[in-house]
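Spelled out from the first residue to the last, the chains are:
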Amino acid sequence: MNGKKAPFGKLTGWMIPVIAILFGVIVGAFIMLLSGYNPITAYIALMNGIFSNTYNMGETIRSMTPLILAGLAVAFAYRTGLLNIGVEGQLIVGWLAAVYVGAAVELPMLLHLPLSILAGALAGALWGFVPGLLKARFNVHEVIVTIMMNYIALYVANAIIRAYLLVPGERTDNINSTASLQSDWLQSLTDYSRLHYGFIVAIIACIIMWFILWKTTKGYELRAVGFNQHASNYAGMNVKGNMILSMAISGGFAGVAGAMEGLGTYGYMSILSGFSGVGFDGIAVALLGANTAIGVLLSSFLFGGLQVGALTMQQQAGVPTELIEIVIALIIFFVASSYMIRWILNRIKKEGV
Amino acid sequence: ACGTSDDNGDTTGGDTGTTDGEATEASDFTVGMVTDLGGIDDKSFNQTSWEGLVAFGEEFGLEQNTNYSYVQSESMDEFEPNLRNLVRSDTDLVFGIGFLMENAIRTVAEQNPDAQLAIVDMVVMNQETDELYDNIANLVFKEHEGSFLAGVVAALETESNQVGFIGGVESELIKKFEVGFKAGVKAVNPDAEIAVQYVESFNDQVAAQQIANTMYSQGTDIIYHAAGDSGNGLFTEAKNRARNDEKVWAIGVDKDQYEEGVYDDDKSVTLTSMVKRVDIAVANVSEDTMNGNFPGGQVLEYGLDDEAIGISDSTENLSDGVEDEVNNYRDQILSGDITVPATDDEYEEFLSGL
Amino acid sequence: MSYVIEMNQIRKEFPGIVANDNITLQLKQGEIHALLGENGAGKSTLMNVLFGLYQPEKGEIKVRGQKVKITDPNVANRLGIGMVHQHFMLVENFTVTENIILGNEPTKAGRINIKKAAKEVKKISEQYGLSVDPYAKIEDISVGMQQRVEILKTLYRGAEVLIFDEPTAVLTPQEIQELIKIMKKLVSEGKSIILITHKLKEIMSSCDSCTVIRRGKGIGTVSVKDASEAKLAEMMVGREVNFTVTKTPAEPKDVVLKMENVTMKSSRNVEALKGLDLEIRAGEIFGLAGVEGNGQSELIEAITGLRKVEKGKVFLNQKEITNLTPRKVSESGVGHIPEDRHKHGLILDFAIGENMVLQTYYQQPYSKNGILNTQAIYDKARTLIEDYDVRTPSEYTLARSLSGGNQQKAIIAREVDRSPDFLIAAQPTRGLDVGAIEAIHKRLIKERDKGKAVLLMSLELDEILNVSDRIAVIYDGKIVDIVQAAETNEKELGLLMAGGKRQKEGEKST
Amino acid sequence: MDLMQILALVVPAAIYAGVPLVLTGLGGLFSERAGIVNIGLEGLMIIGAFVGIVTTLMLEASGLGVASTWIALLIAAIVGAVFSLFHAVASIAFRADQIVSGVALNFLALGITVFLTRLIFDKGQTDYIQNRIFRLDVPVLSDIPLIGPLFFSNAYLTSYMAILLVLVVYYIVFYTPFGLRLRSVGEHPMAADTMGINVNKMRYIAVMLSGAFGALGGAVFAVTVSGNFSGTTIVGQGFMALAALIFGKWNPLGVLGAALFFGLAQALSITGGQIPLLSEVPPVFLLIAPYVLTIIALMGFVGKSAAPKASGKPYIKGSR
Ligand SMILES: Nc1ncnc2c1ncn2[C@@H]1O[C@H](COP(=O)(O)OP(=O)(O)OP(=O)(O)O)[C@@H](O)[C@H]1O
Ligand SMILES: Nc1ncnc2c1ncn2[C@@H]1O[C@H](COP(=O)(O)OP(=O)(O)OP(=O)(O)O)[C@@H](O)[C@H]1O
Ligand SMILES: [Mg+2]
Ligand SMILES: [Mg+2]
């Protein structure tokens, strides 16, 4: 019936990303050949950099953690028809809030850790709430507001650290151990990688996102508003409220991503000289993952793995890490162009039959 | 080891002296450095550090990538894995370039007691014991002394009696540049006006240029910068003005920035530069370590005395007599007659003592 | 007699379906030729083939005896074929003139010569009696006017053959009369016309011959002189069709809906309701007739809470519901089959199942403590699909991929099933074929017989007259008169809708 | 400082900072007016900056002197147009989600340019060009009181070029057949199709124009401001240009206004540190002022969005 879906059905669902990755890798190999590198050595080094030992695996998982959360943030907003380019800023304020609570409050871990994460989530939510509110109330395009809010977050966070929280080294003090996600056990298990318990938080966040969207009435509303505001309004939903809520939840995920950096990877916050890039990666992660929770999880593994592996590739094969950025871009391109892949698959199938 | 630390008694704390390791055959010795975000071509300390390693390698006939290498960090969260990767691949000496590496290097040092690490521009303390780490050598510079001399030059050369300073991001380190410079200006010319503004970024040339534009427009004729990549905005502005026959100058930082100021093929707006020879420090520490004298647990402070700090050799644009005057002040600093301030408080004190 | 257009044995396939299966259509010079068929029979497809939007798999097209290949609309234009599409092809924020000249702009030194263009538009519009304002923006003019622009587009390009795809579905009776006049005028000037419509009466009154297709296959061409409505319907559906709506007299009871002196602005911020009063009773179908733009859409928005009432009150079962949220209104017992099913009625990217609970998803059993019960939702959907004969592969199919008729049935299923005390049906049969219309009318009457109040808003006087018990005429934001359906006729209604007064015959409205 | 002095400082600075955004914003305008959302403006600027610098360096080396820079601008625009085909093919032929493809474009541009920089220069940034576009006082005009110091002193030729281009684009978009067709394709592609307009061809042209303008914006930034290229030359300017496009309601004059507004707010925040009254304000407030002001300004423009209706949707013949 639905002429938009190719007769391939389920099979193409997972084949498309796999083929996209394959294409990306192959084109990447050509680029390496053209510029005088040995792609086989390079890819072996890349794989080593991801899988060869527990240390690299630990680092991969660690770098996935903020990516997952940033991806969820983008995906969640996207589901309600909003493009959140403000993950970067929401992450920064979430980081700051989590570190502040982590350092300034004295509580037993059972309370302190969740409180610190919550602080990050709330700060991020606030930062997402503003563009949501402006969109709902004044019809201001969320893309502009989120871009602006990124810069505001950056400068304000730096100013707050400098004015109130500064210790030598251009950073805040360390958080108390009761707020820390770091784990000696995980570190020793992975040969001193910086793996921390944040990845559990990220996975829980995936489940939460899935649950909210597909299992709750609120999620039904959010998706409805995302697809058709008029019909949602007609059906008695509070369109504006849902828009604001969606941006706040989205910002909340991003804020938790910041909390993971503050409570897990670093244990403090530095004065930032620019954006971390995690927020922009999050857009790609979300879209690559088709804005689903499981998709975000998998695509952040791809991103995190490639980025961590790229370091080894640079060290062992001398291939600049930028090559991996190119490969990632190509993969996104091929996933986006799934129509082309479907078309090719259909051709192959027709020939085959 | 470099003699300075002992001469000036600068070696702070630390219950150890030089770690007496085994001397390594040159061909087996490996040394690596991790750059911060700038990379080895930032025209600043990452670049000079790398030049130091290259010079060291060439002197002892070592091979790049086998014996000496660098890893560039793309973001702050890569500092630690980059350092660790070098340590894990049994590099004999690992440099972390830049004060931002403090925490990363501390963590790696704690986890790898046998590693030999060094950090530039920072003193890393154990936060619980307040002691230095045995396996970290701390390389710092007396930027305020060099900046003082830059201030002297500026004060002597200014015609409007107005000079300026553009900083990157306000911090303890950059403060040393600012305060030293101001002290130098005031020492020569207590009446000079000094404009100070921070870009709040090390790579925003547009903002830096606009700041320079504002300062020059208000009559400032010499501006000193400690703003990394942003500083290029200063040179752009100065050149724009110089081409329109305005008489303005810029003072470079970290290395001789004469080239950055070139316009009309053979002229340069760079009056002088405050050079900070990270390369000398890096090469020295590498050599010592190769010879089995890793200066772990020490603070190596480089200053005017070992020529690691000073003003550049390009003197084309200096007026007659300025060089002599600068040398005069250098001698006073070396002899201890002048103590150059490094913080705002010390500066206040310095001014009241004038 | 020579044919201007001959489409012989045209076959057009879409993935999984043959939309046109060896269809033949021959158009004579100077005739109005009807193309008739159920929803999805393949009429639009056939015309799109003629207009060059689709390429047929098989078959030949001849224009004035010459075999041609129409590869894109440009070719069609050059051959003198113009098409007025089922869904208007107008750029809303362009002016009338800009829409007409698009792709064929007169220029002066590289710049569009808009003055010259507007003059030309004016000239053509006067020639054929299609009055338009060349400088008005499309979004600011009425649907009827927009249609005239569509016609002007084809005439501007010198079309000799005009295709009209369901042009009357969106028009008021007056506008339809006017359109038929225009078509006749065009034909008298030597043009030839293919007209797609579901309204047999229009065919009988304006067409010369009629080609009928059913499920993609050509059934045949008849001369209208020799045909009757019943015969055409039978050809189209393949069985006898019952036109007269059979219903017992209404038994009105208590007032369910009451509006008092309601004043409201429209989306264009002009006063649309001007102190309107209305009472609708349980057990009756209350028809609302009026020329589009006289406030009927706003009246519905006022009841359902979709737009703010400025003055006056609305009561449902004696309880005031003025300016309650749409949710509150719906919970108080109002069902609403909206006028625009794509914009308001459905979330096209939701499954049909999810659409079936669009207002009730948050209530038991579909959800409990904020958690959805998917099982219950889809169980419900399955029942409704069965009961209301919604043709869909499954309840998980996206609403988007259903045909318009089936989408409409789904909406009606959802609204009627909630069993509201007061059901609003706005244009419930627009664009549907006679079979589907029949089913929907039966539903509305069944609701009435259950003792519900039904408000039927329709631009089709036939529908209003056949289905309603009482009919209110709305004009300029007020109800000007209320008549018994059995005691009035099209002529009288038409007069009232144009702002005229009914001759006093003793009694006034009920 | 008196007001005139402040204005003489701030206005030229605003123009200077705004011009790259204007050019890139015009690029975005072409593609979005034709219905293709272009979030890849950042990447196009990166490509433009890279090509602008590398070409200038090469031409300088071959002894072309001052002309090098101008030729480089042209070549940057051409390369940008070609590079944007990546986005065009994905979103037109392959029906990709335009946001996704734009994001991919950004990643790709950064990856390729830095990778090539490493290959060519063996380091992370290029050399500095010699022949930047320098400032000049326009003869005669700069002596006009009031206006002279604001608009004709310390001016860059590229700024005048940009303003001229704004007018040209305005004329093209609103007064020529090409413009009418372009807009129709972005508003109602199917209508355009039935009028015999080749929708996909129009969209390809529009995206390539957006590539040319986007890259030109990046190149102008590189040859007036940075003087060299590295991975951090373009950081966020493309997104600001996107913001200017939306703020300017997809109208060339609006884009100009919005970009100058950004430039002005930024210039004020920088110069503010030395304006007597403003220098008392904590620096962070000046730093965030441009962004906060933008948001506030947007709140004043309540009303319906002017976004082209069909933007973001692939055009598939026969669907609706
Ligand atoms: N673009 C398309 N892709 C796939 N199938 C299509 C497409 N357009 C039409 N069809 C198929 O062709 C059949 C005929 O559709 P068409 O639009 O011609 O019907 P129609 O007779 O115009 O119906 P209506 O009276 O409702 O307008 C449909 O049943 C549908 O299955
Ligand atoms: N692009 C498309 N892809 C798949 N199927 C399509 C497409 N366009 C139309 N159809 C099919 O066409 C059939 C009906 O065609 P059509 O859209 O003309 O229905 P309709 O009753 O005329 O709708 P409306 O009331 O809106 O005119 C449906 O089965 C629908 O699935
Ligand atoms: Mg049809
Ligand atoms: Mg239809």
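Model, not experiment: these values are computed from the prediction.

A look at the overall build of chain A
Consideration 1: Counting secondary structure elements, chain A contains 15 helices and 0 strands.
Consideration 2: Expected size for 353 residues packed as a compact globule is a radius of gyration near 20 Å; at 21 Å, chain A falls within 12% of this value.
Consideration 3: Structurally, chain A occupies a C-alpha span of about 70 × 60 × 35 Å along its principal axes.
Consideration 4: Residue pairs at least 24 apart in sequence account for 78% of intrachain contacts in chain A once pairs closer than 6 positions are excluded.

Considering the overall build of chain C
Consideration 1: On a plain count of helices and strands, chain C comes out with 17 helices and 24 strands.
Consideration 2: Whereas a compact globule of 510 residues would reach a radius of gyration of roughly 24 Å, chain C reaches 24 Å, a difference of no more than 12%.
Consideration 3: Principal axes of the C-alpha set define a box for chain C whose edges measure 70 × 50 × 50 Å.
Consideration 4: A buried classification covers 57% of the 510 residues belonging to chain C.
Consideration 5: Relative to all contacts within chain C whose residues are 6 or more apart in sequence, the contacts with residues 24 or more apart total 66%.
Consideration 6: Accessible surface for chain C amounts to roughly 21,200 Å². Of this, 47% is attributable to carbon and sulfur atoms.

Side note on the interface of chain D and chain A
Consideration 1: Contact with chain D, which involves 45 residues of that partner, is made by 42 residues of chain A.
Consideration 2: Where chain D abuts chain A, roughly 3,900 Å² becomes buried across the two surfaces, and 83% of that area is made up of carbon and sulfur atoms.
Consideration 3: Of all residues in chain D, D:Phe94, D:Phe107 and D:Phe115 give up the largest surface area on contact with chain A, accounting jointly for 18% of the area buried on that side.
Consideration 4: For A:Glu322, the salt bridge goes to D:Arg118, with nearest N and O atoms at 3.2 Å.

Regarding the domain arrangement of chain A
Residue and element names in this part refer to chain A.
Consideration 1: Domain parsing of chain A yields domain 1 (1-37 + 319-353) and domain 2 (55-317).
Consideration 2: Each of domain 1 and domain 2 has a C-alpha centre, and the two are 29 Å apart.
Consideration 3: Between domain 1 and domain 2, the buried area comes to about 980 Å², and carbon and sulfur atoms account for 86% of it.
Consideration 4: The largest contributions to the domain 1 side of the interface with domain 2 come from Val-319, Ile-324 and Ile-328, which together make up 49% of the buried area.
Consideration 5: Among the elements that make up the side of domain 1 that touches domain 2, the one with the highest residue count is helix α14 (residues 322-336) (6 residues).
Consideration 6: Here the residues of the side of domain 1 that touches domain 2 sort into 10 nonpolar, 1 polar and no charged.

A word on the state of the cysteines
Residues and elements named next belong to chain C.
Consideration 1: For the structure on display, the rule yields 0 disulfides over all chains.
Consideration 2: Take Cys-207: it sits in no disulfide, and the sulfur closest to it among the cysteines is that of Cys-210, at 7.0 Å.
Consideration 3: Using a relative accessible area of 0% as the deciding quantity, one classes Cys-210 as buried.

Looking at the pairing of strand β6 (residues 81-84) of chain C
Residues and elements named next belong to chain C.
Consideration 1: Residues Ile-81 and Met-83 of β6 are buried on one face, and the alternating residues Gly-82 and Val-84, pointing to the opposite face, are buried as well.
Consideration 2: Note: β6 against strand β9 (residues 161-165), 4 bridges, orientation parallel. Opposite Val-84, over in β9, you have Phe-164 as the bridge partner.

Observations regarding the side chain of C:Lys12
Consideration 1: Along the polypeptide, C:Lys12 turns up in strand β1 (residues 3-14).
Consideration 2: With residues up to four places along the chain from it excluded, the contact list for C:Lys12 reads C:Ile17, C:Val18, C:Ala19, C:Asn20, C:Thr45, C:Val49, C:Tyr54, C:Gln55, C:Pro56 and C:Glu57.

Quick notes on the sheet that holds strand β17 (residues 319-320) of chain C
Residues and elements named next belong to chain C.
Consideration 1: One open sheet accounts for 4 strands, arranged β14-β13-β16-β17; its pairing is antiparallel. Two strands lie at the open edges of the sheet, namely β14 (271-281) and β17, each paired on one side alone.
Consideration 2: Here strand β16 (residues 311-316) pairs with β17 via 2 bridges, running antiparallel. By the bridge assignment, Leu-316 is partnered in β17 with Lys-319.
Consideration 3: Packing of helix α9 (residues 296-304) onto the sheet brings it into contact with β13 (255-265), β14 and β16, and relative to β13 it is tilted by some 115 degrees.

Examining the domain arrangement of chain C
Residues and elements named next belong to chain C.
Consideration 1: Domain parsing of chain C yields domain 1 (5-237) and domain 2 (255-497).
Consideration 2: A straight line from the C-alpha centre of domain 1 to that of domain 2 covers 32 Å.
Consideration 3: Buried area between domain 1 and domain 2, both sides added, is near 1,400 Å², and the carbon and sulfur share of it is 51%.
Consideration 4: On inspection of domain 1 and its partner domain 2, the count reaches 2 salt bridges.
Consideration 5: Glu-490 is the salt-bridge partner of Lys-201, the closest N and O atoms lying 3.5 Å from each other.
Consideration 6: Put simply, domain 1 and domain 2 have 1 residue pair in polar contact (both at pLDDT 80 or more) between them.
Consideration 7: For the side of domain 1 that touches domain 2, the secondary-structure elements that each account for two or more residues are α6 (173-188) and α8 (229-237).
Consideration 8: Residue composition of the side of domain 1 that touches domain 2, grouped by class: 7 nonpolar, 4 polar and 6 charged.

Here's the deal with the interface of chain A and chain C
Interface size, as often reported, equals the accessible area lost upon joining of the parts.
Consideration 1: Chain A puts 22 residues into the contact, and the matching count from chain C is 30 residues.
Consideration 2: Buried area between chain A and chain C, summed over both chains or domains, comes out near 2,300 Å², and the portion from carbon and sulfur atoms is 63%.
Consideration 3: Taken together, the links from chain A to chain C amount to 1 salt bridge.
Consideration 4: As a salt-bridge pair, C:Glu354 and A:Arg223 come within 2.9 Å of each other at their nearest N and O atoms.
Consideration 5: Where chain A packs against chain C, one counts 15 residue pairs in polar contact (both at pLDDT 80 or more).
Consideration 6: When contributions to the side of chain A that touches chain C are tallied by element, the ones reaching two or more residues are α8 (198-215), α9 (217-227) and α10 (229-234) of chain A.
Consideration 7: In terms of residues, the side of chain A that touches chain C owes the most to one element, α9(A), which gives 6 residues.

Remarks on a nonpolar patch on the surface
Residues and elements named next belong to chain D.
Consideration 1: A contiguous nonpolar patch, built from Leu-64, Ile-71, Leu-74, Ile-75, Ile-78, Val-79 and Val-82 and spanning about 550 Å² of accessible area, is present on the exposed surface.
Consideration 2: Note on placement: Val-79 falls in helix α3 (residues 67-83).
Consideration 3: Residue classification places Val-79 among the partly exposed positions, given a relative accessible area of 31%.

Focus: the sheet that holds strand β5 (residues 117-120) of chain B
Remark on secondary structure: sheet strands pair via backbone hydrogen bonds, oriented parallel or antiparallel.
All names here are of chain B.
Consideration 1: The strand order across the open sheet formed by 6 strands is β3-β2-β4-β5-β6-β15, and the pairing between neighbours is parallel. A strand with exactly one partner marks an edge of an open sheet, and here the two such strands are β3 (68-72) and β15 (299-302). Strand after strand, the sheet turns through a mean of 20 degrees between neighbouring axes, direction not considered.
Consideration 2: Bridge count between strand β4 (residues 93-97) and β5: 4 bridges; the pairing is parallel.

Observations regarding the side chain of C:Thr45
Residues and elements named next belong to chain C.
Consideration 1: With respect to the secondary-structure elements, Thr-45 resides in helix α1 (residues 43-50).
Consideration 2: On the basis of relative accessible area, Thr-45 is assigned to the buried category, the value being 11%.
Consideration 3: Discounting chain neighbours no more than four positions away, the residues touching Thr-45 are Lys-12, Phe-14, Ala-19, Asn-20 and Tyr-54.

Section: a negative patch on the surface
Consideration 1: On the surface, B:Asp345, B:Glu346, B:Glu348 and B:Glu349 cluster together into a patch of negative charge.
Consideration 2: Mapped onto the elements, B:Glu346 comes out in helix α11 (residues 344-352).

Examining the nonpolar core
Consideration 1: The biggest cluster of nonpolar side chains holds 346 residues, and the ones touching the most others in it are B:Phe95, B:Leu139 and B:Phe148.
Consideration 2: When near neighbours in sequence (up to four residues on either side) are disregarded, B:Leu139 contacts B:Phe95, B:Ala118, B:Ile119, B:Val120, B:Asp121, B:Met122, B:Ala281, B:Val282, B:Val285, B:Leu300 and B:Tyr302.

Notes on the site of ligand 1
Consideration 1: Taken together, 16 residues sit near ligand 1, with C:Gly40, C:Gly42, C:Lys43, C:Ser44 and C:Thr45 positioned nearest.
Consideration 2: Ligand 1 sits at a junction of chains, with neighbouring residues supplied by chains C and D.
Consideration 3: One nitrogen or oxygen atom from the side chain of C:Ser44 is found 2.6 Å from an oxygen atom belonging to ligand 1.
Consideration 4: Burial of ligand 1 by the protein chains amounts to 72% of its free accessible area of 630 Å².
Consideration 5: Of the residues in the shell around ligand 1, the class split is 5 nonpolar, 8 polar and 3 charged.

Quick word on the confidence of the model for chain A
Residue and element names in this part refer to chain A.
Consideration 1: With 95% of its residues at a pLDDT of 70 or more, chain A has an overall mean of 88.
Consideration 2: Of all helices and strands in chain A, the one with the weakest mean pLDDT is helix α15 (residues 338-352) (76), whereas helix α4 (residues 87-104) scores best (96).
Consideration 3: Low confidence marks residues 1-10, where pLDDT is under 50. Its contacts with residues over four positions away, or in another chain, come to 11 contacts.

Rules of the game
Residues numbered from 1 in each chain as written. Chains lettered and ligands numbered in written order. Predicted model: local features only at pLDDT ≥ 70, side-chain atom pairs only at ≥ 80, totals over all residues. Heavy atoms only, no water. Helix = DSSP H or I, 4+ residues; strand = E, 2+ residues; numbered from the N terminus. Rg over C-alpha atoms; globule rule 2.2 N^0.38 Å. Contact = heavy atoms within 4.5 Å. Buried < 20%, exposed > 50% of the residue type's maximum accessible area, 1.4 Å probe, protein only. Areas by Shrake-Rupley, 256 points an atom, 1.4 Å probe, with all protein chains shown as cover. Buried area = accessible area lost by both parts, 1.4 Å probe. Salt bridge = Lys/Arg side-chain N within 4 Å of Asp/Glu carboxyl O. Domains from an automatic or database assignment. Nonpolar A, V, L, I, M, F, W, Y, C, P; charged D, E, K, R; others polar. Disulfide = S-S within 2.5 Å. Pairing = 2+ DSSP bridges. Axes fitted to C-alpha atoms, helices over the stretch in contact; angles between N-to-C directions. Polar contact = N/O pair within 3.5 Å; in protein donor to acceptor, adjacent residues only side chain to side chain. Patch = residues over 30% accessible without salt bridge, like charges linked within 9 Å, V, L, I, M, F, W, Y side chains within 5 Å. Lys, Arg positive; Asp, Glu negative; His and termini not counted. Charge placed at Lys NZ, Arg CZ, Asp CG, Glu CD. Core = buried A, V, L, I, M, F, W, Y, C linked by side-chain atoms within 4.5 Å. Near = heavy atom within 4 Å. pLDDT = per-residue confidence, 0-100.

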